[in-house]
Amino acid sequence: QKEVEQNSGPLSVPEGAIASLNCTYSDRGSQSFFWYRQYSGKSPELIMFIYSNGDKEDGRFTAQLNKASQYVSLLIRDSQPSDSATYLCAANTDKLIFGTGTRLQVFP
Amino acid sequence: DAGVIQSPRHEVTEMGQEVTLRCKPISGHDYLFWYRQTMMRGLELLIYFNNNVPIDDSGMPEDRFSAKMPNASFSTLKIQPSEPRDSAVYFCASWAGPSYGYTFGSGTRLTVV
């Protein structure tokens, strides 16, 4: 079993909709969780991180963490075509373990 | 800050040749990580250093791979001899610590023919 699991997608949403990206992790010792965005041919870039149960909002992005369920999600409000990318979830113990990513497609 | 700097951006080499990838982390970041990314396996951690000391090399696929960090501003990942299955994008990342995210370099796309 992979340590961090994500649905590979693609997840297709219309412009202006909410995109919901999900991630589960297996190591209960994971302390914090990170979401990265990766455009094709580019390096991953950090969107946000979360380490407490509940929601954390940053602009159009909201990260949600439920440690009891070992579940992390990222919501993108008012999705734009420029949000089309692969979104990587990562769990941190002493290093970041990444999921394989979910490809998001936002169509006009 | 110039960010994490990797070189070369692209490398094409023949099977059996030695390949050396280079990385300069962000100044002041105590951790440096080498990852490999492929379509099939995603981002895989190869090795990481803390204060120039290798901490975990369990992800290094085999003895053909080696990594060094002779000082706080430079690291190398070497593959000798290279094989076609080593073809991937190799990322270096540096980290200020557990409360922060990584900053990735732009990656080296390695093709072994």
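Quick summary incoming for the structure in this document. These figures come from a predicted structure and were not determined experimentally. (Residues numbered from 1 in each chain as written. Chains lettered and ligands numbered in written order. Predicted model: local features only at pLDDT ≥ 70, side-chain atom pairs only at ≥ 80, totals over all residues. Heavy atoms only, no water.)

1. A few points about the overall build of chain A
Summing up its helical and strand segments, chain A has zero helices and 11 strands in all. The N-to-C order of helical and strand elements in chain A reads β-β-β-β-β-β-β-β-β-β-β. Relative to the compact-globule value of 13 Å for 108 residues, chain A shows a C-alpha radius of gyration of 13 Å, a close match. Its C-alpha atoms give chain A principal-axis dimensions of roughly 40 × 30 × 20 Å. Every one of the 108 residues in chain A was classed for burial, and the buried ones make up 42%. Summarising the internal contacts of chain A: among those between residues at least 6 apart in sequence, 54% fall at separations of at least 24. About 5,200 Å² of surface is accessible on chain A, with carbon and sulfur atoms providing 46% of the total. Of the charged side chains in chain A, 10 are positive and 11 negative, and the gap between their average positions amounts to 3 Å. (Helix = DSSP H or I, 4+ residues; strand = E, 2+ residues; numbered from the N terminus. Rg over C-alpha atoms; globule rule 2.2 N^0.38 Å. Buried < 20%, exposed > 50% of the residue type's maximum accessible area, 1.4 Å probe, protein only. Contact = heavy atoms within 4.5 Å. Areas by Shrake-Rupley, 256 points an atom, 1.4 Å probe, with all protein chains shown as cover. Lys, Arg positive; Asp, Glu negative; His and termini not counted. Charge placed at Lys NZ, Arg CZ, Asp CG, Glu CD.)

2. Some words on the interface of chain B and chain A
Tallying the contact residues gives 19 residues for chain B and 17 residues for chain A. Together, the buried faces of chain B and chain A total about 1,400 Å²; carbon and sulfur atoms form 56% of this surface. When the area that chain B buries against chain A is broken down by residue, the three leading residues are Leu43(B), Tyr102(B) and Phe104(B), summing to 30%. Between chain B and chain A we count one salt bridge in total. For Asp56(B), the salt bridge is made with Lys95(A), and the minimal N-O distance between the two is 3.1 Å. Linking chain B with chain A are six residue pairs in polar contact (both at pLDDT 80 or more). Mapped by element, the contributors of at least two residues to the side of chain B that touches chain A are strand S4 (31–38), strand S5 (42–50) and strand S9 (88–95) of chain B. For the side of chain B that touches chain A, the leading source of residues is S5(B), giving four residues. (Buried area = accessible area lost by both parts, 1.4 Å probe. Salt bridge = Lys/Arg side-chain N within 4 Å of Asp/Glu carboxyl O. Polar contact = N/O pair within 3.5 Å; in protein donor to acceptor, adjacent residues only side chain to side chain.)

3. Comments concerning the pairing of strand S3 (residues 19–25) of chain A
All names here are of chain A. What you see with S3 is a clean split: Ala19, Leu21, Cys23 and Tyr25 sit on the buried side and Ser20, Asn22 and Thr24 on the side with no burial. Bridge count for S3 against strand S8 (residues 71–76) is six bridges, and the pairing is antiparallel. Paired with Ala19 across the bridge in S8 is Ile76. (Pairing = 2+ DSSP bridges.)

4. Quick notes on unusual backbone geometry
Cis geometry marks the peptide bond from Gly9(A) to Pro10(A); its omega dihedral reads 10 degrees. Mapped onto the elements of the fold, Pro10(A) is located in the loop between strand S1 (4–5) and strand S2 (11–14). In this structure, Pro8(B) follows Ser7(B) across a cis peptide bond, with omega equal to -10 degrees. The phi dihedral of Gln70(A) falls on the positive side, at around 55 degrees, and the residue is not glycine. Tracing the sequence through the fold places Gln70(A) in the loop between strand S7 (61–66) and S8. On the basis of relative accessible area, Gln70(A) is assigned to the buried category, the value being 13%. For Asn51(B), which is not glycine, the phi torsion reads 50 degrees and is therefore positive. With respect to the helices, strands and loops of the structure, Asn51(B) is situated in the loop between S5 and strand S6 (53–56). Look at Asn51(B) and you get partly exposed, because its relative accessible area is 47%.

So far we have only geometry, and geometry alone does not tell us how the molecule works.
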